[in-house]
Amino acid sequence: MDDFPPYPSGLRLAGRPVVVVGGGHVAQRRVPALLAVGAVVTVVSPEVTPALEGLVGSGEVTWVERGFEEPDLDGAWYAIAATDDTEANERVTVAAEERRIFCVRADDATRATAWTPAVGRHAGVTVAVLGNREPRRSAAVRDEILEGLREGTIVARHQRDRRAGVVLVGGGPGDPDLMSVAGRKALMEADVVVADRLAPRELLSELPSDVELIDVAKLPRGRSAQQEEINRVIVERALEGKLVVRFKGGDNFVFGRGYEEVLACREAGVPVTVIPGLTSPVAVPAVAGIPVTHRGVAHEFTVISGHLPPGHPESLVNWGAVAGMSGTVVLMMAVHNAGAIAAALVDGGRPLSTPVAVVCDGTMPGERTVLSTLASLGRDIETERVKAPAIIVVGGVVAVAHPQAFGGRAVSEANVSRPD
């Protein structure tokens, strides 16, 4: 039988009994996949893992708390022998053969009548790969296929189920590897991409040649596309019957004016969906090794737009209240006003010695972290020639990440500038 390849077939197990013999980690991996396709699962084993016991407790799995007996397979459509006892697995195999039940065997695939493929699903397509009893190879091939399906590189765009409309895609903090699979797939399916300068720029080179790319970059204190014009463009192209991706850095709804674009689409009757991105005020400090919360140090973190200085008539920030909090403050778009913000926090009660980290070009090749304090933040930003984009983190979590800088010891990291 080993001379013949397996005959692939898709089993429809919804509502049908499946018996898994064994309650260890192999069973723990197999049972959720069976439940996902609607199988009625019974686990036969004297013991089970905590995860399987949780499925039993929730009523999703039946547990026969003893060793295997041949009648356990009566009425089953499919069986898995997953114990660590070769003799017990052989008994399951023989009992299944007698009952003409296909059986997977975890310890010896040559003795099984069925093999478990490496399985993945995307957009109604099930991918199952059998690599001649080479599970790692099967999984690698499956992952390559799924990645192509998700990113839109396998099936041509005209073959997909597509509708005109607008998709707001958050690109994350900048590194294309940190963008969601759903976001990359949306880019590959787009007819029009409306991109700002902080969206992961490398991904634009992967767009099919017939995709219209519209640049709506907003430069700090420089040339800037007006939001009303961006709204007009995305609505206009969608009403032409095109699929429009509004591609932004970070998350559309965190100081990204994304909801203004949602409202514009709704007003025009244009379908709009949102694919969020990793939000930069959390992701950038994390990649730089700084937590925004830490047990015993910060029980809250506050994200603030610093594009307006304290005291500005249009500012909506209560800086006195912010200063009175003891947790982490994360500032976005605050490079220009950092000195004034630091002064406001000190005036509100924050110590001059409060640690500060300025993460420049977070997740990008030129990323660097400048360490400072509220006392010297404005001066350090000028000395270190900090330019936007940068995320500024204020609070004790900075000292947690860099104790050597705030405990009197020298900084050893080459990419960290020591505070005064």
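Refer to the structure printed above.
The following refers to the structure shown.

Reading the values: rules and limits
- Residues numbered from 1 in each chain as written.
- Predicted model: local features only at pLDDT ≥ 70, side-chain atom pairs only at ≥ 80, totals over all residues.
- Heavy atoms only, no water.
- Helix = DSSP H or I, 4+ residues; strand = E, 2+ residues; numbered from the N terminus.
- Expected span 1.5 Å × (residues − 1).
- Buried < 20%, exposed > 50% of the residue type's maximum accessible area, 1.4 Å probe, protein only.
- Salt bridge = Lys/Arg side-chain N within 4 Å of Asp/Glu carboxyl O.
- Patch = residues over 30% accessible without salt bridge, like charges linked within 9 Å, V, L, I, M, F, W, Y side chains within 5 Å.
- Areas by Shrake-Rupley, 256 points an atom, 1.4 Å probe, with all protein chains shown as cover.
- Pairing = 2+ DSSP bridges.
- Axes fitted to C-alpha atoms, helices over the stretch in contact; angles between N-to-C directions.
- Contact = heavy atoms within 4.5 Å.
- Phe/Tyr/Trp six-rings, centres within 6.5 Å; stacked < 30°, edge-to-face > 60°.
- Lys NZ or Arg CZ within 6 Å of the ring centre and 35° of its normal.

### Quick word on helix H6 (residues 227-239)
Given a rise of 1.5 Å per residue, 13 residues ought to cover 18 Å, and the 18 Å separating the end C-alpha atoms of H6 matches this to within 8%. Among the residues of H6, Gln227, Ile230, Asn231, Val233, Ile234, Val235, Arg237 and Ala238 are the ones counted as buried. Positive phi appears at Gly241, one or two residues downstream of H6, with a value of about 90°.

### Looking at the pattern of salt bridges
Between side chains of opposite charge, a pair can form when the charged atoms approach closely. Under the defined criterion, the tally for this structure stands at 18 salt bridges. Between Glu69 and Arg66 there is a salt bridge, with the nearest N and O atoms lying 4.0 Å from each other. Its relative accessible area of 28% is what places Arg66 among the partly exposed residues. Residues Arg368 and Glu384 are paired through a salt bridge, measuring 3.6 Å at the closest nitrogen-oxygen approach. Note that Arg368 is positioned in strand S16 (residues 368-373) and Glu384 in the loop between helix H11 (377-383) and strand S17 (390-394), a separation of 16 residues in sequence. By relative accessible area, which is 24% here, Glu384 ends up partly exposed. Put simply, Glu212, Glu229, Arg232, Glu236 and Arg237 are held in one network by salt bridges that share partners.

### What about a nonpolar patch on the surface?
Together, Phe253, Tyr259, Leu263 and Val274 make up a nonpolar patch on the protein surface, roughly 360 Å² of accessible area in all. Assignment of secondary structure puts Leu263 in helix H7 (residues 258-268). Residue classification places Leu263 among the partly exposed residues on the basis of a relative accessible area of 45%.

### Considerations on the sheet that holds strand S12 (residues 272-275)
Strand order in this open sheet of five strands is S10-S9-S11-S8-S12, and the pairing throughout is parallel. With partners counted over all chains shown, the strands left at the sheet margins are strand S10 (212-215) and S12, one partner each. Adjacent strand axes in the sheet meet at a mean angle of 20° when their direction is disregarded. Contacts from helix H5 (residues 181-189) reach strand S8 (165-170), strand S9 (192-195), strand S11 (243-248) and S12, with the element oriented near 135° to S11. Running at roughly 155° to S11, H6 makes contact with S8, S9, S10 and S11 of the sheet.

### Quick notes on the sheet that holds strand S1 (residues 17-21)
Reading across the sheet, the five strands line up as S3-S2-S1-S4-S5 and stay open at both edges, with parallel pairing between neighbours. Lying at the two open borders of the sheet, with one neighbouring strand each, are strand S3 (61-64) and strand S5 (102-105). Averaged over all pairs of adjacent strands, the angle between strand axes in this sheet comes to 20°, irrespective of strand direction. Sheet topology note: the strand S2 (residues 40-44)/S3 ladder contains four bridges and is parallel. Within the sheet, the bridge partner assigned to Val41 lies in S3 and is Val61.

### Structural notes on the pairing of strand S15 (residues 355-360)
Strand residues, when the strand is regular, have side chains that alternate between the two faces of the sheet. Where burial is concerned, most of S15 is hidden: six out of the six residues are buried. Here S15 shows no split at all, with Pro355, Ala357 and Val359 on one side and Val356, Val358 and Cys360 on the other all buried. Here S15 runs beside S16; their pairing, made up of six bridges, is antiparallel. Directly across from Val356, in S16, lies its bridge partner Ser372. Direction of pairing for S15 relative to S17: antiparallel, over a ladder of five bridges. Each residue of the ladder has a partner; that of Val358, found in S17, is Ile392.

### Things to note about the packing of aromatic side chains
Two numbers describe a pair of aromatic rings. These are the distance of the centres and the angle of the planes. Inspection of the entire model under this criterion finds one aromatic pair. Plain terms: the ring middles of Phe253 and Tyr259 are 5.6 Å apart, the flat faces sit at 70° to each other, and that makes the pair edge-to-face. The class for Tyr259 is partly exposed, based on a relative accessible area of 40%. Over the ring of Trp77 we find Arg16; its NZ or CZ atom is 4.4 Å from the centre of that ring.

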